[in-house]
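# Chain and residue survey
The lines below spell out each chain.
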Amino acid sequence: MSSWDYLAGADRSAELWGGVRAELPLLLGVLPFGLVYGVLGLQAGLPAWAVVAMSSVVFGGASQVVFAQLWGGLVPAPIIVGTVGVVNLRHALYSASVASLLRELPLRWKLVLAYLLTDEAYMAAVGRLSSGPQTPQRHWFLFGTGLTLWLGWQVSTVGGVLLGTTLPADWSLDFSIALTFIALLAPSLRRRSELLAVLVAGATALLAQGLPFKLWIVLAACAGMMAGMSANLLWQRLGAGRSA
Amino acid sequence: MKDSLILGLSMLAGGVLTFATRAVFLLGGERFSLGPHFRALLAYVPPAVLAALIAPEIFVRGGELVLGPDNPRLWAAAVAVVVALLTRSVLATIALGLLAVWGIQMLNA
């Protein structure tokens, strides 16, 4: 018995609504993030149309914040695009995971689901896809989580843009971006090697502040990834890797 | 005008790159597979990227490193970590973190 058994004979709309319901609790975190992005996008100097358009063109919260900050810092466009790419690299993991769960889908579905494949949509759907009943309609569940997140993200972005022009700049609201990232990061750390990745990336980001074009973001991210991965391999090899 | 064009193109390029990252294995199917080392490396992207973005927001003010205990954001970040671990709520973490930074700034003023 799994908690997904109720979907055994489910049709499209039952799967879709299952996905919507699974996503709703995650919107509690997404809505304030979207508001903060909308407000800070304007403060970084992006025009309102760009702040709103980016939420559907890029559709990735952390990378959109980084884009706005780099644009405000007059960083050359190719470096902005490259940094966005690095920040969103993690989605390849979700792509590989979903690919093995939804192998038989037609191309048009794969395109739609790839576009909607974000952290929150994946997290809310992966349990149902991997351990629920393997019905031919099960991709509608992921569509439901993705679409719900997409709508929530668009609405909160527009809300932030509307709010942004009315908020004074000296409220330390820029700090709420760091707070959002802390809220995402702190509960997700499971392993010693991930903590090491955090410490190395954070320290590198501070030490490399002198680099032009905010290249310290990419450098620190790569240093943190390498450190976490090397430590993990090393601890495994030493046989101490119970929870490395 | 030229700025808007560059902005639009940059967003488009960022969007295409992001979409490609999300689509590569879904569309590539059996032709690409993720090696175990690459998969392990990608698992460290979120903690490394987030930490790289958080650290300067806390420790760099006006281009200067502020590592000492008189930095209000350091204490507010500590509050935020505790709130995040206890509640797992983004909303509560933002709210209490901001309250902490405002409170400490008022005490210092």
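Residues numbered from 1 in each chain as written. Chains lettered and ligands numbered in written order. Predicted model: local features only at pLDDT ≥ 70, side-chain atom pairs only at ≥ 80, totals over all residues. Heavy atoms only, no water.

Position of Arg73(B) among the secondary structure elements: in helix α4 (residues 72-87). The exposure class assigned to Arg73(B) is buried, which follows from its relative accessible area of 4%. From its side chain, Arg73(B) meets the backbone oxygen of Glu57(B) in a polar contact 3.3 Å long. Excluding residues within four positions of it along the chain, Arg73(B) makes contact with Ser172(A), Asp174(A), Phe175(A), Glu57(B), Ile58(B), Arg61(B) and Val101(B). (Helix = DSSP H or I, 4+ residues; strand = E, 2+ residues; numbered from the N terminus. Buried < 20%, exposed > 50% of the residue type's maximum accessible area, 1.4 Å probe, protein only. Polar contact = N/O pair within 3.5 Å; in protein donor to acceptor, adjacent residues only side chain to side chain. Contact = heavy atoms within 4.5 Å.)

On to the packing of aromatic side chains. Residue and element names in this part refer to chain A. One pass over the full model with this rule turns up nine aromatic pairs over all chains. Seen in terms of ring centroids, tryptophan 4 and phenylalanine 141 are 5.5 Å apart; in terms of plane orientation they differ by 85°. Their pairing is edge-to-face. Placement of the pair is tryptophan 4 in the segment before α1 (12-43) and phenylalanine 141 in helix α8 (residues 139-164), with a sequence separation of 137 residues. What makes tryptophan 4 buried here is its relative accessible area of 18%. (Phe/Tyr/Trp six-rings, centres within 6.5 Å; stacked < 30°, edge-to-face > 60°.)

In this section: the domain arrangement of chain A. Residues and elements named next belong to chain A. Annotation of chain A at the domain level lists domain 1 (5-188) and domain 2 (191-244). Spacing between the C-alpha centres of domain 1 and domain 2 amounts to 25 Å. Tallying the contact residues gives 10 residues for domain 1 and eight residues for domain 2. Between domain 1 and domain 2, roughly 760 Å² of surface is buried when both sides are summed, and carbon and sulfur atoms account for 86% of that area. (Domains from an automatic or database assignment. Buried area = accessible area lost by both parts, 1.4 Å probe.)

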